[in-house]
Amino acid sequence: MRRIFIGLITILLATVIVSMPLAQLTDTGVRVEARDTVNLRAYPGTDTNVLGQMDVGVQYILAGRHELFPWYLVADPVTLEPLGWAFRDIVFVSGDVNSVPFVDTVISDAPATATNVQSQATQNNAVPTSTQQAQGQVTSTPVFTVAGTVLNEINIRYGPGTDYQRVGVAQAGDRFQIVGYHTQFPWVQIRFDESPTGLAWILIDLLNIEGDIFSTEAISTTQFIQPTLTPTPAVVQATGGLSSAGTTVSPELAALGNQLYSQVLNFGFDPATSQFGSLYLMDLQSGEAITFGNNIAYSGTSVNKVSILATLYGVLNEPPREQLATDIANTMICSENVATNRLLAVIGNGDEWDGATQVTNFLSALGLDNSFILSPYTIDPENPPLPDAPIPAPETSVNQSIATPEIYNQMTVVDTGQLLAAIYQCAYEDGGALIENFAEGVFEPRECRQMIHVMANNTVDGLMKTGSPEGTRVAHKHGWISDTHTNAGIFFTDGGDYVATMALYSGLPGAGVDRWLPFPTSLPAFSETSRAIYNYFNPDAPLLQSREGFIPEANSCNFTGTPLVADLMQSVWDE
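This one's a predicted model, so the numbers in the text were calculated from it and none came from an experiment.

### Some remarks on the state of the cysteines
The full count for this structure, using the stated rule, is two disulfides. The residue that forms a disulfide with Cys334 is Cys557, at a sulfur-sulfur distance of 1.9 Å. Linking Cys334 and Cys557, the disulfide has an S-S dihedral of approximately -75° and is accordingly described as left-handed. Here the residue Cys334 occupies a position in the loop between helix 5 (322-332) and helix 6 (337-347), and Cys557 occupies one in the loop between helix 11 (519-537) and helix 12 (563-568), the gap between them amounting to 223 residues. A relative accessible area of 14% places Cys334 in the buried class.

### Details of the confidence of the model for the protein
With 84% of its residues at a pLDDT of at least 70, the protein reaches an overall mean of 83. Here residues 1-21 is modelled with pLDDT under 50, and outside its nearest four sequence neighbours on either side it reaches 37 contacts, counting other chains as well. A low-confidence stretch, residues 230-234 (pLDDT under 50), is modelled with four contacts involving residues beyond four sequence positions or located in other chains.

### Topic: the sheet that holds strand 19 (residues 298-299)
Overall, antiparallel pairing links the three strands, which are arranged 19-21-20 in an open sheet. Looking at strand neighbours, the two that pair on one side only are strand 19 and strand 20 (372-373), the edges of this open sheet. With two bridges joining them, strand 20 and strand 21 (residues 409-411) adopt antiparallel strand pairing. Bridge pairing in strand 21 links Phe372 to Gln410.

### What to know about the packing of helix 8 (residues 413-429) against helix 10 (residues 445-456)
Remark: helix 8 packs on helix 10, axes separated minimally by 7 Å, with the N-to-C direction vectors making an angle of 125°. For the element pair helix 8 / helix 10, the angle class is oblique. At the point where helix 8 passes helix 10, the crossing takes the left-handed sense. For the pair helix 8 and helix 10, contact is made by Leu420, Ile423, Tyr424, Cys426, Ala427 and Tyr428 and by Pro445, Cys448, Arg449, Met451, Ile452 and Met455, respectively. Split into classes, the residues belonging to the contact of helix 8 with helix 10 amount to 11 nonpolar, no polar and one charged.

### Let's talk about the nonpolar core
Ile328, Leu419, Ile423, Leu434, Val454 and Ile490 are the most contacted members of the largest nonpolar core, which has 65 residues in total. Residue contributions to this core peak at 10 residues, all from helix 8. Among residues more than four places away in sequence, those in contact with Val454 are Leu309, Ile328, Ala329, Met332, Ile333, Leu564 and Leu568. Val32, Leu62, Ile107 and Leu203 belong to the second largest nonpolar core, which has 55 residues in total.

### Some thoughts on the packing of aromatic side chains
Taken as a whole and judged by the stated rule, the model has 17 aromatic pairs. Residues Phe362 and Phe443 carry aromatic rings whose centres are separated by 6.1 Å and whose planes lie at 45° to one another, so their mutual orientation is tilted. Here Phe443 lies in the loop between helix 9 (433-436) and helix 10 and Phe362 lies in helix 7 (residues 352-365), a separation of 81 residues in the sequence. We note that Phe362, like Phe443, is buried. Ring pairs connect the aromatic residues Phe491, Tyr498, Tyr536 and Phe537, which therefore count as one cluster. Here Lys305 stacks its cationic end above the ring of Tyr377, 4.7 Å away from the centre of that ring. The ring of Phe492 carries Arg473 above its face, with NZ or CZ at 4.7 Å from the centroid.

About the cut-offs
Residues numbered from 1 in each chain as written. Predicted model: local features only at pLDDT ≥ 70, side-chain atom pairs only at ≥ 80, totals over all residues. Heavy atoms only, no water. Disulfide = S-S within 2.5 Å. Helix = DSSP H or I, 4+ residues; strand = E, 2+ residues; numbered from the N terminus. Buried < 20%, exposed > 50% of the residue type's maximum accessible area, 1.4 Å probe, protein only. pLDDT = per-residue confidence, 0-100. Contact = heavy atoms within 4.5 Å. Pairing = 2+ DSSP bridges. Axes fitted to C-alpha atoms, helices over the stretch in contact; angles between N-to-C directions. Parallel < 35°, antiparallel > 145°, perpendicular 65-115°, else oblique. Left-handed = near helix turned anticlockwise from the far one by under 90°. Nonpolar A, V, L, I, M, F, W, Y, C, P; charged D, E, K, R; others polar. Core = buried A, V, L, I, M, F, W, Y, C linked by side-chain atoms within 4.5 Å. Phe/Tyr/Trp six-rings, centres within 6.5 Å; stacked < 30°, edge-to-face > 60°. Lys NZ or Arg CZ within 6 Å of the ring centre and 35° of its normal.

This is the structure:
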């Protein structure tokens, strides 16, 4: 017997009147993006035809929403051609959903711009390769009347919706027995021992179904009372800086840390999955510091150029001349790798490979042993720099595999944050780790203030900077590659100065590469996390919403002959 929800869909498909002709679709200004595998269907409902799939990392137009069912009509961002209907709970939305009109459109043909996929009927009858055993061959695959095999990494939830608590994570290829289906929502119930009840829920479109789900129990209840689970502590206490003295974290700062951790989770960066993040925050007045994800090594990206900058000033005996000052600006602001390698050559007395080694030695002298640079930066991706002899990458005390960091360029949020704090203490307190751990005169406050000055001129008004009001002085370094986005900075605010370092990683596939982190996914997490930190330090003048920000074109960045270069050449510096 087909249930009420399924029958209603069938009736609507037979009698529906299209309220908005396809030619009348307009750009609503609201964008929608796939969380993971998202099928596009002819009409709301999992028993309607699959027309294609949304590509992860692509922002589509949210052209309409259904008045009765939690489904969105998705359109091509260029042609405005309708691509199909997507279930609301498995997509990200940017913009005001309430401004999107209600539509009741049936898409009859698979659009050319959608990725065609096999029909749902084929999916329902398909058997995973792992169960296609030769006759008579013994297999350990459990025999279920109705089962589902996971297509990609997914969350398993206590109830049939993304608002319910996650009780587990499944990877592609995991197979579960299906024991029920919901009559109103496109979710199926599975046996799952890790759940408090032994049962859990998965969205239908995230499974390759074997058998007939309608032969299992029909479940219509809409209330699933969730048990109270003991949360795992999210925030750990960090040291108070690079000096020998630690610090006790106040209850207020600890509460902020838990808030930030929950916020990062809500943006989809979860340590139980292959998409996660790390954060380090230090109050530069009290020395208190909090962190999470501090045991993960990330690709150093261009953020590790802060280490190069500090090492360079440690070997300079006089202010940089014009070419070197230009290279400093182009390295720290433009992230120009040619200029970066010239800085490494200066550090290494003409040998950029030795310069990289000296940067690692500098970090080690500060006790920052989980970060290192062992090679110059790549200029030509087709011809990356190779050492004359293999260089063994150091084994550190953190996880060097989970975020697939580059072999010769790694960092942690704690190391980078503590280095920035040391630069700040050198600049404004004539103390801290740079002064304490090196011979007298190696680092001077003037040099440390110049380091901060060049980073404060960073033209990238994005990432964490957009979580502070326009005009806030932020000395920061940005860096990103396909799967890792990082940002680290010193924030100068009326309510107090602080250091914040953040790294986000995604091991999910997309955009033609093995691992891909889309900016529409990472930027809101950077911005809103930063805004919460700014408002903690400035409760009397909070920032009510994050700014949009601006990231300039890379080829428009060149500081040759600019006032900033002249600033860096000064022998006296009072800023």
